2 protein chains.
Amino acid sequence: MTDLPELELYTFWRSSATFRVRVALNLKQMSATEKVINIDAGEQRSAAFLRINPLGGLPTLVEAGHPPITQSLAILEFLEETRPLPALLPADRHGRARVRSLCGMLASDTHPLITPRVRKYLTTEGGFDDAAWRRWQTQWFGVGLTAVEERLACEPQTGLFCHGDTVGMADICLASLVAVMRVFKIEVPNTPTIARILASCSALDAFAHAEPGRQVGAPG
Amino acid sequence: MTDLPELELYTFWRSSATFRVRVALNLKQMSATEKVINIDAGEQRSAAFLRINPLGGLPTLVEAGHPPITQSLAILEFLEETRPLPALLPADRHGRARVRSLCGMLASDTHPLITPRVRKYLTTEGGFDDAAWRRWQTQWFGVGLTAVEERLACEPQTGLFCHGDTVGMADICLASLVAVMRVFKIEVPNTPTIARILASCSALDAFAHAEPGRQVGAPG
């Protein structure tokens, strides 16, 4: 085993993208000192945090002596290259492509549409009331999860987890999205394969310990 | 050199995500047979294409004898693993993380907000008129490119291209976003570093040949 780097992770309890990184760290038995940035209090715009990340985004991972790393998928790939085992991507390039494609459907095509900055725009500039925002959330969670369910249900590579019988990056992205849906009490019907895989994930300490409700700052 | 696989790429002239794959194929001197899916005519919902990609998304890459690959960033990583040289990612894990982070800011945090399916929702369910849609586009192109400009302008790893003096994955994502902005005649002010890097990209045949206006099906 190589020496593990000293890591700091800037987090917020409810952040879906931060959840992904927490799970990956747990699975790889790596640790990072968590630094809470309270988004509800606007701390991501504080001078102190903007010195770490000029863009004010979470999560941000800092390895001692190196520039901060932003974007959760970039951080997951970085952790995979830093500590390859247990692997979160399959060994073959076609399997890796499938897992990264599933990650993209969740973390790129779905999650960015329901972030706080989008909510802020739609409910001010966009004229959305609370009901319209909820329809928007329901629409995009629904489109994303329904499409992922369709793939997982019919593609032969699906196993106990999204890809085979080993937990990996696609499971992390899937669980992170659903964790946020639970915060907002939104459900997508007719997703039995996703429900089955999520149950397998929840049984793992790495996921259970990363749940939003169990983080520092979460409502009681 | 290993034998190159036989590839088919499902495309549409204006698709920003498809532009990324075209440039990567060009840079790696790989070829793919292009199959045009006319989004304006709804062909992505045709039975024939849904047999290739049940989700109706572009681009989709098919290597003969293997399942289709969707999501442009997953395809870029796949091409990088299939034909490693010329490399589109740096050799060191910190450099790779920086490039993937820039890609995420462009392809995950920005582009998904201005896709046709979002336009359709906002201009029907969301009550947006054409002016409101244009303000929405301008907002998210602006936020994304301004943030990327801020990084590129102040981070020492920036060179002739986004990362050093060699063209790579971040340049591809940057050029793809700006190519679509040009289609919609949207400009983001105060982005001189981006303008400089894009000029370097445009000077390369790999980018010039991938421009939306030069593809089959583009308006004359």
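The model shown is predicted, which means the values in this text are computed figures rather than measured ones.

With an axial shift of 0.0 Å and an RMSD of 0.0 Å, the rotation relating chain A to chain B amounts to 180°. Expressed as an axis order, the relation between the two copies is that of a two-fold axis. Of the C-alpha atoms belonging to chain A, the one lying closest to the rotation axis is found on Ser 108 of chain A, 2.2 Å away. Most of the interface of chain A is mirrored in chain B, where 100% of its interface residues are also at the interface.

Our next topic: the interface of chain A and chain B. Between chain A and chain B, the contact holds 35 residues from the first and 35 residues from the second. Counting residues per element, the ones that place at least two in the side of chain A that touches chain B are β4 (69–70), α3 (72–82), α4 (93–108) and α6 (130–154) of chain A. For the side of chain A that touches chain B, the leading source of residues is α4 of chain A, giving eleven residues. Each residue belonging to the side of chain A that touches chain B can be placed in one class, and the counts come to 14 nonpolar, eleven polar and ten charged.

This part covers unusual backbone geometry. A cis amide bond, omega -10°, links Leu 85 of chain A with the succeeding residue Pro 86 of chain A. Along the polypeptide, Pro 86 of chain A turns up in the loop between α3 and α4. You will see that Gln 29 of chain B, though not glycine, has its phi angle at about 55°, which is positive. Note on placement: Gln 29 of chain B falls in the loop between α1 (16–27) and β2 (33–36). Owing to 12 C-beta atoms within 10 Å, Gln 29 of chain B belongs among the exposed residues under this scheme. Positioned with a positive phi, Asn 190 of chain B is a non-glycine residue whose angle comes to about 60°. For Asn 190 of chain B, the position within the fold is in the loop between α7 (169–183) and α8 (192–202).

Here the focus is the pairing of strand β3 (residues 60–63) of chain B. Residue and element names in this part refer to chain B. Bridging between strand β1 (residues 7–11) and β3 involves four bridges; their strand directions are antiparallel. Among the inter-strand pairings, Leu 9 is bridged to a residue of β3, identified as Leu 61. As paired strands, β3 and strand β4 (residues 69–70) are joined by two bridges and run antiparallel to one another. Directly across from Thr 60, in β4, lies its bridge partner Thr 70. Between β3 and the antiparallel strand that follows it, β4, lie five residues; Gly 65 among them carries a positive phi value of about 85°.

A separate point is the confidence of the model for chain A. Here chain A shows a mean pLDDT of 94. Residues at 70 or above account for 99%. At the level of chain-chain contacts, confidence expressed as ipTM amounts to 0.96, with global pTM at 0.96.

Residues and elements named next belong to chain A. For helix α7 (residues 169–183), built from 15 residues, the straight-helix expectation of 21 Å at 1.5 Å per residue is met to within 8% by its first-to-last C-alpha distance of 22 Å. Burial of α7 is extensive: twelve of the 15 residues sit out of reach of the surface. Listing the buried residues of α7 in full gives Met 169, Ala 170, Asp 171, Ile 172, Cys 173, Leu 174, Ala 175, Ser 176, Leu 177, Val 178, Ala 179 and Val 180. Looking at the residues trailing α7, positive phi occurs at Lys 185, about 55°.

The next subject is the sheet that holds strand β2 (residues 33–36) of chain A. Residue and element names in this part refer to chain A. Read from one edge of the open sheet, four strands run β2-β1-β3-β4, paired in mixed fashion. Among the strands making up the open sheet, the edge pair consists of β2 and β4. Across four bridges, the pairing between strand β1 (residues 7–11) and β2 is parallel. Following the sheet pairing, Glu 8 is matched in β2 by Thr 33.

So, on to the domain arrangement of chain A. Residue and element names in this part refer to chain A. Assigned domains of chain A: these are domain 1 (7–86) and domain 2 (93–208). A C-alpha centroid distance of 20 Å is found between domain 1 and domain 2. Taken together, the contacts link 13 residues of domain 1 with 17 residues of domain 2. With eight residues, helix α1 (residues 16–27) is the single largest residue contributor to the side of domain 1 that touches domain 2.

With 122 residues, the main nonpolar core has Cys 173 and Leu 174 of chain A together with Cys 173 and Leu 174 of chain B as its most contacted residues. Dropping the residues within four chain positions of it, Cys 173 of chain A is found in contact with Arg 20, Leu 102, Cys 103, Leu 106 and Ala 107 of chain A.

Attention now moves to the sheet that holds β2 of chain B. Spatial strand order, β2-β1-β3-β4 (chain B): four strands in an open sheet with mixed pairing. The sheet terminates laterally at β2 and β4 of chain B, the two strands that pair on one side only.

Cut-off values and rules
- Residues numbered from 1 in each chain as written.
- Chains lettered and ligands numbered in written order.
- Predicted model: local features only at pLDDT ≥ 70, side-chain atom pairs only at ≥ 80, totals over all residues.
- Least-squares fit on C-alpha atoms with pLDDT ≥ 70 in both.
- Contact = placed C-beta atoms within 7 Å.
- Helix = DSSP H or I, 4+ residues; strand = E, 2+ residues; numbered from the N terminus.
- Nonpolar A, V, L, I, M, F, W, Y, C, P; charged D, E, K, R; others polar.
- Buried ≥ 20, exposed ≤ 12 C-beta atoms within 10 Å, placed from the backbone.
- Pairing = 2+ DSSP bridges.
- pLDDT = per-residue confidence, 0-100.
- Expected span 1.5 Å × (residues − 1).
- Domains from an automatic or database assignment.
- Core = buried A, V, L, I, M, F, W, Y, C linked by C-beta atoms within 7 Å.

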